[in-house]
Amino acid sequence: MSRLRDAVAAVEQVILGKPTQIRLCLACLLARGHLLLEDVPGVGKTTLAHTLARVLGLEWRRLQFTSDLLPADVVGVSIFDRVTQQFQFRPGPVFTQLLLADEINRASPKAQSALLEAMEERQVSIDGVTHPLPEPFFVVATQNPHEQLGAFGLPESQLDRFLMRVSLGYPDRESERALLLAGERHELLEATSAVLNPAELLAAQRAVRAIYVGAPLLDYVQALVARSRTLFQLGLSPRAAQGLVRAAQGWALLAEERALLPEHVQAVLPSVAAHRLEQRDGGGAGQGARLAAELLAAVPVPV
Amino acid sequence: MKLPGPERSGALLPIAALFMAAAINAHHLAWWCLPMLALATAWHLRAVLRGFPQPGRLARISFAVIVTTGVLLSFRTLNGLAAGATLLVAMTAAKLFEARTTRDWHVICGATLFLLLAACLDRQELWRLPLYGLCLWLCAAALRSLAGGAPLPARTLLRESAAQLLRAVPLAIMCFLFFPRLPGAFWAIAGDEEAITGLSEEMSPGRIARLSESDEPALRARFDGAPPPPVQRYWRGPVLRDFDGFTWRRHRDPVGRTAALEYRGPAYHYSETLEPNTHRTVVALELSRPPDAPLVTQSADFQLLSQRPILQAQSYELTGYPQAVSRGELAADARQVDLALPPDRNPRATELAHQLRARAPDDAAFVNSVFDWLRRGGFVYTLVPQRLGRDSVDDLLFRTREGFCGHYASAFVDLMRAGGVPARVVTGYQGGEWNPIGRFLLVRQSHAHAWAEVWLPGRGWLRADPTAVVAPERLSRELLQFGDGFGSRASRLLGEQRWLTTTLQAWAALNAWWQDDIVGFNFTKQLNLAERLGFGDRGWQTLAIALGAGMCAWLLWIAWTLHRLARAARPDAITRAWRRIDRRLARAGHARAPHEGVLAYCDRLALTQPVAAATLRPLARRYAQLRYGPPLPAEELRGFLRAARAYR
């Protein structure tokens, strides 16, 4: 428990003034979900992703997505070896514990889907051979919402594979001041060391699943999902409902609770539901948060 | 496995119960038994906590063989309460070596309950009651800890099992009152006679270097009217007639009834509770008519003998006649026994007796002259006399000149017999402490006394107490408290502290009540009670009706309790309670939005109403735990409901 607290504190050292977002990101990773960071350039998305990787003590790689990126650049390629007279598999950057996929919406759909397949299956199939990905395996992707020129927006079926979408937003006044005073974030990042070791991370992930979910909470989640299906044209999928419970469990673990409370579901719901709702409902970018709030207000808490 | 934290402390309860049960049996266990149990427990804990290996099968079997041999060596038997209890403790300790499953622990708890039963069978003193109760409580909590489900802290287990035991108390009382008791202590297991202190069937004054003062009670007498005056409080025990020059013993062969007793003078009717003794004598006020009890007879020398060993405290209804006299002639065989002296022993005493007898005109004068000689001889009364040689009487009379009642009674009877007067030693008790709270006379082992009886022609057997002559202050001064001068520690303190007197007397009275009305609650008393409660007077049937009626009432009560608990434990009770709070808050103008979680609501309330939020928050926390969390004990729920009702 205290290790988790340390981890949160360590990330907060680097990313100033964003405690809620940091907790959401950690909850997402503890719930074994992939994370999508969406915001304008320069608010610290990449820094946050770096910090998370370092603090969680994960082996990580960064992959800059561009329009000419090929699937083989992501997952790897089989090359014919003249000496052994056999094809040999050269693993791509996806074979790591934490993959930082920068500006994912700038790559072609083909490259995107190669990555998204790996995210879902946690394995890569090339030439009929299946290569399992390391355990744990996370994808932290970033994208710019406004930079639409030359960008291929992720289709909703693929957005669904991200457990959460988190927006950082501009820092508040004090944090910005502190940021200006402190200077280079990169140096700080270099100085950040791992707080959790792999065993502790695994234990934390197990602890997330052990968070008690009572019948009233399941009732509540089901009511939310059902309401989303009547409130909007396309509601939340069963996978979204599953993710909602899991992400809320991760939040509950960070809040040091033993049981899931409605407050935990409410805390993670905007991040879990917004990117799934806004495109389906045609609300457009930035409208997801409003839709999520609308949904929460429409469903009474089980008392 | 890690050290059990507070939430797992319940796992230690079975061991605690076992230790408690062994401790209350400590008085009759073999000395090696408790240390061995401690050792086995230490080993077990080490194995569980540190992963230390448990002994293998061969080691366990050898251990069992060794402890069984140990019990045989210590007790020479495996039968009986003490040997059985020791074996049980030892084998339970062995069981600790292989205790892994819940079933093993159930076996250990069962053995623990048996040990408690053994202690209850063996000792029933009042002061042990809290210990037995505590042991039972631990056992119940231990069994509760084995009942499965999540491990609970010891405090919770103890609280819950206390509630369970309290619910069972009416049942226990009913069974106590109405379950038919077989007359007589059928569970009294023979053995352990050597453990009982007090009078015995022989007396060797010369061997004793120090007389211990035991405050243990010997008997209690509750008189119908006033008790007899202190000088008449002689309680007759074993009569010792055979003397070998050093030791006095009981005469084994029955000698013909020589004299009829004439009961005359004031009569004192009393009920006596006699503590266990080894000499099978119903120690009674001199001289008491034999009681109605079937197995008690009066011997020719006026002892009341029980045909059965007195292993449990017994009650008798008796009538004492301090002025009773014996009439008629002394039979020839009895005279022979009461004049017998070992040849060639105590020559100087024999010579002295001959001289005094020659000077005296008759037997009565001879008795008086011996008294005179003792009175003038400069004899000293002491509880720590010097040891005496083979000719114990000569040694006492002419060399050491100090001793206690046994010495003087022995020497006096020797002189009497040497002078041709039939005489014998009577042992028993003298005196007794009057308890004004319980209105009974308490005779302690420290009141033990020995005196003499002489036969005078025409007057029959007469009591002659040489100790009264040698040390008159011992008997005359406040007989009430000092008896034969074996002043007990308690009675010495009594003289100084008034409140202590009262406390001790109250305690003694409480003990008397416990012994007479609780431990001694027998079939007759049961029938009387059932009849008084209006269940008729048809013996066994009466009790069956009373028991049945009581059981029905108890079952109804239990059913009602269960129903009430079940209703309170329904989950919607939580919801109802919170809705009440919601309504209250809404009336106060702080309505919670329907989609707002209760804790989030507290946070919002804290912005505007910090005080109200501070009082509400603990309640909201408990509510959230109960409503959304894993199932909690019913106590938590009831506690929350109480707090919710109390919320303003």
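It should be emphasised that the depicted structure is a prediction, and the values quoted were computed from it without experimental measurement.

Trainee: Help me understand the interface of chain A and chain B, please; the structure alone is not making it clear to me.
Mentor: A common measure of how large an interface is: the accessible area buried when the components associate. Each partner contributes residues to the interface: chain A has 18 residues there, and chain B has 19 residues. Summing both partners gives a buried area of about 1400 Å² for chain A against chain B, and 60% of it is carried by carbon and sulfur. Measuring nitrogen to oxygen at the nearest pair gives 2.7 Å for the salt bridge that ties Glu257 of chain A to Arg621 of chain B. One can count 7 residue pairs in polar contact (both at pLDDT 80 or more) joining chain A with chain B. Elements that contribute at least two residues to the side of chain A that touches chain B include exactly α10 (215-231), α12 (262-280) and α13 (288-298) of chain A. Sorting elements by how many residues they give to the side of chain A that touches chain B places α12 of chain A first, with 3 residues. A breakdown of the residues in the side of chain A that touches chain B according to their chemical character gives 14 nonpolar, 2 polar and 2 charged.

Trainee: Would you mind showing me how to read the pattern of salt bridges here?
Mentor: One side chain can pair with another of opposite charge once the charged atoms of both are near each other. All names here are of chain B. Within this structure, the stated rule accounts for 36 salt bridges over all chains. Between Asp338 and Arg424 there is a salt bridge, and its shortest N-O distance comes to 3.8 Å. Here Asp338 is found in helix α8 (residues 332-339), whereas its partner Arg424 is found in strand β15 (residues 423-430), with 86 residues between them in sequence. Using a relative accessible area of 0% as the deciding quantity, one classes Asp338 as buried. A relative accessible area of 2% means that Arg424 is categorised as buried. Linking Asp372 and Arg375 is a salt bridge whose minimum nitrogen-to-oxygen distance equals 2.8 Å. Remark: Arg375 and Asp372 occur in helix α10 (residues 363-376); sequence separation between them is 3 residues, near one turn of the helix.

Trainee: I tried to follow unusual backbone geometry on my own but got confused; where do I start?
Mentor: Of all residues except glycine, most have a negative phi; of all peptide bonds, most are trans. In this model, Glu135 of chain A is joined to Pro136 of chain A through a cis peptide bond whose omega is -5°. Within the secondary structure, Pro136 of chain A is located in the loop between β7 (129-132) and β8 (138-143). Its identity is not glycine, yet Arg122 of chain A carries a phi of approximately 55°, on the positive side. On the basis of relative accessibility, which here comes to 22%, the residue Arg122 of chain A falls in the partly exposed class. Here the phi dihedral of Arg76 of chain B falls at roughly 65°; this positive angle occurs in a residue that is not glycine.

Trainee: What's the story with the packing of aromatic side chains in this structure? I'm lost.
Mentor: To describe a pair of aromatic rings, one takes the distance between the centres and the angle between the planes. Residue and element names in this part refer to chain B. Under the criterion given, the structure shown has 20 aromatic pairs over all chains. Seen in terms of ring centroids, Tyr234 and Trp451 are 4.8 Å apart; in terms of plane orientation they differ by 75°. Their pairing is edge-to-face. Within this pair, whereas Tyr234 is found in strand β3 (residues 234-240), its partner Trp451 is found in strand β18 (residues 448-456), the two being separated by 217 residues in sequence. An identical accessibility class is assigned to Tyr234 and Trp451; each is buried. Pairing Trp455 with Trp461 gives two aromatic rings, centres 5.8 Å apart and planes at 70°, and the pair type is edge-to-face. Like Trp461, Trp455 is buried. Here the aromatic cluster, defined as three or more aromatic residues joined through ring pairs, consists of Trp43, Phe52, Phe63 and Phe97. Positioned above the aromatic ring of Phe398 is the side chain of Arg348, whose terminal nitrogen or guanidinium carbon lies 4.2 Å from the ring centre. Across from the ring centre of Tyr234, 3.8 Å away, lies the NZ or CZ of Arg463, which sits over that ring.

Criteria and thresholds
- Residues numbered from 1 in each chain as written.
- Chains lettered and ligands numbered in written order.
- Predicted model: local features only at pLDDT ≥ 70, side-chain atom pairs only at ≥ 80, totals over all residues.
- Heavy atoms only, no water.
- Contact = heavy atoms within 4.5 Å.
- Buried area = accessible area lost by both parts, 1.4 Å probe.
- Salt bridge = Lys/Arg side-chain N within 4 Å of Asp/Glu carboxyl O.
- Polar contact = N/O pair within 3.5 Å; in protein donor to acceptor, adjacent residues only side chain to side chain.
- Helix = DSSP H or I, 4+ residues; strand = E, 2+ residues; numbered from the N terminus.
- Nonpolar A, V, L, I, M, F, W, Y, C, P; charged D, E, K, R; others polar.
- Buried < 20%, exposed > 50% of the residue type's maximum accessible area, 1.4 Å probe, protein only.
- Phe/Tyr/Trp six-rings, centres within 6.5 Å; stacked < 30°, edge-to-face > 60°.
- Lys NZ or Arg CZ within 6 Å of the ring centre and 35° of its normal.

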